[in-house]
Amino acid sequence: GRTVAISGTASGIGRTLAEMLRERGDTVIGVDLRDADVCADLGTPEGRDAAVAGVLDRAGGTLDGVVACAGVSGPTPLTVTVNHFGAVALLDGLRPALARAERPRAAAVGSISGTQPLDEDVLRACLDGDEPAALAAAAKVIERGEGNRLYPSSKSALARWLRAASVSPEWAGAGVPLNAVAPGVVRTPMSEPLFADPKMRAVMDRAVPMPLNGYAGPEVIAEAIAWLISPANSHMAGQVVYVDGGAEASLRGPDV
Ligand code: NAI
């Protein structure tokens, strides 16, 4: 079995992925706020350091896989600190341990939301790696009443960071494939409130059309991530794979 670190294992997609990999014989080191092997807050610099140190401690310095799955979706600055800076810190912090493995793989969890209207200032600050600037920009977005742009901003930033990093000497050059899945709307505790509210449900049906099989469960996304971090995936780098029932193709059309 392989040794894989996964963030967000206390709930939803991360939890389902951890169960799936453990059943297949892998050793999973789960990271989450609570109910995890390593309890740490990916929303703070100290928490990120603790997460990386805790995983390295348990893994013994070598990792076959890392999945940055933890995320939040509220219209608050936390969405930017966890979804972008937390994911980047986990991936970057564990990269040296991946580089020591024979067939290492890494993945992040983006979103179809990363293709939706965002805030350019938040995006730029994220890509500059400037968290204070990102927080300042996020505060302005909220003041303008556009807090719902923070989630798309965070997921777009993560995807753009990943595309650039994946082909750098540190990742591709070190033989570590780095890719992402981007789900549509998935039935998890995160999306539960949307399904519970008929108005939100109608907005969601329009914003994220999924002609193939409609709303999926977390196991569908977990399967795709499991493949991205498996030895079977040997030649893919920097791809954001939409596992979204056709939402991205529907929304963006045939031009690629
Ligand atoms: P979830 O809410 O069920 O699970 C997210 C997990 O991340 C939770 O266990 C939570 O405690 C953890 N987490 C949140 N903040 C954290 C922090 N500061 N430090 C450590 N752990 C933290 O959500 P779900 O649906 O499983 O989401 C997983 C990923 O999939 C997220 O990145 C989300 O943005 C993404 N996604 C989800 C979609 C959906 O419709 N559910 C759609 C597209 C993307």
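This text goes with the structure placed above it.
Residues numbered from 1 in each chain as written. Predicted model: local features only at pLDDT ≥ 70, side-chain atom pairs only at ≥ 80, totals over all residues. Heavy atoms only, no water.

## Comments concerning the site of the ligand
Here is step 1: Among the 29 residues in the neighbourhood of the ligand, the closest are listed as Ser11, Asp32, Tyr151, Val186 and Thr188.
Here is step 2: Contacts to the ligand include Leu42, whose backbone N or O atom sits 2.9 Å from a nitrogen atom.
Here is step 3: Here a nitrogen atom of the ligand sits 3.5 Å away from a polar atom, N or O, in the main chain of Gly43.
Here is step 4: For the ligand, whose unbound accessible area comes to 830 Å², protein coverage reaches 92%.
Here is step 5: Going through the elements one at a time, α1 (12-23) and α6 (150-166) are the ones with two or more residues in the shell around the ligand.
Here is step 6: The residue makeup of the shell around the ligand, split by class, is 16 nonpolar, ten polar and three charged. (Near = heavy atom within 4 Å. Polar contact = N/O pair within 3.5 Å; in protein donor to acceptor, adjacent residues only side chain to side chain. Areas by Shrake-Rupley, 256 points an atom, 1.4 Å probe, with all protein chains shown as cover. Helix = DSSP H or I, 4+ residues; strand = E, 2+ residues; numbered from the N terminus. Nonpolar A, V, L, I, M, F, W, Y, C, P; charged D, E, K, R; others polar.)

## Topic: the layout of surface pockets
Here is step 1: In this structure, the second largest pocket encloses a volume near 250 Å³.
Here is step 2: As for the second largest pocket, its lining consists of 13 residues, and the residues nearest its centre are Thr115, Ala159, Val240, Tyr242 and Arg252.
Here is step 3: Every element with two or more residues in the lining of the second largest pocket is listed here: α6 and β7 (240-243).
Here is step 4: The leading source of residues in the lining of the second largest pocket is α6, at five residues.
Here is step 5: When its residues are assigned to classes, the lining of the second largest pocket shows five nonpolar, four polar and four charged. (1 Å grid on protein atoms, 1.4 Å probe; cavity = no way out; pocket = protein on both sides within 12 Å on 5 of 7 lines; lining within 4 Å. Points joined across faces, edges and corners; volume = space filled by probe spheres on them.)

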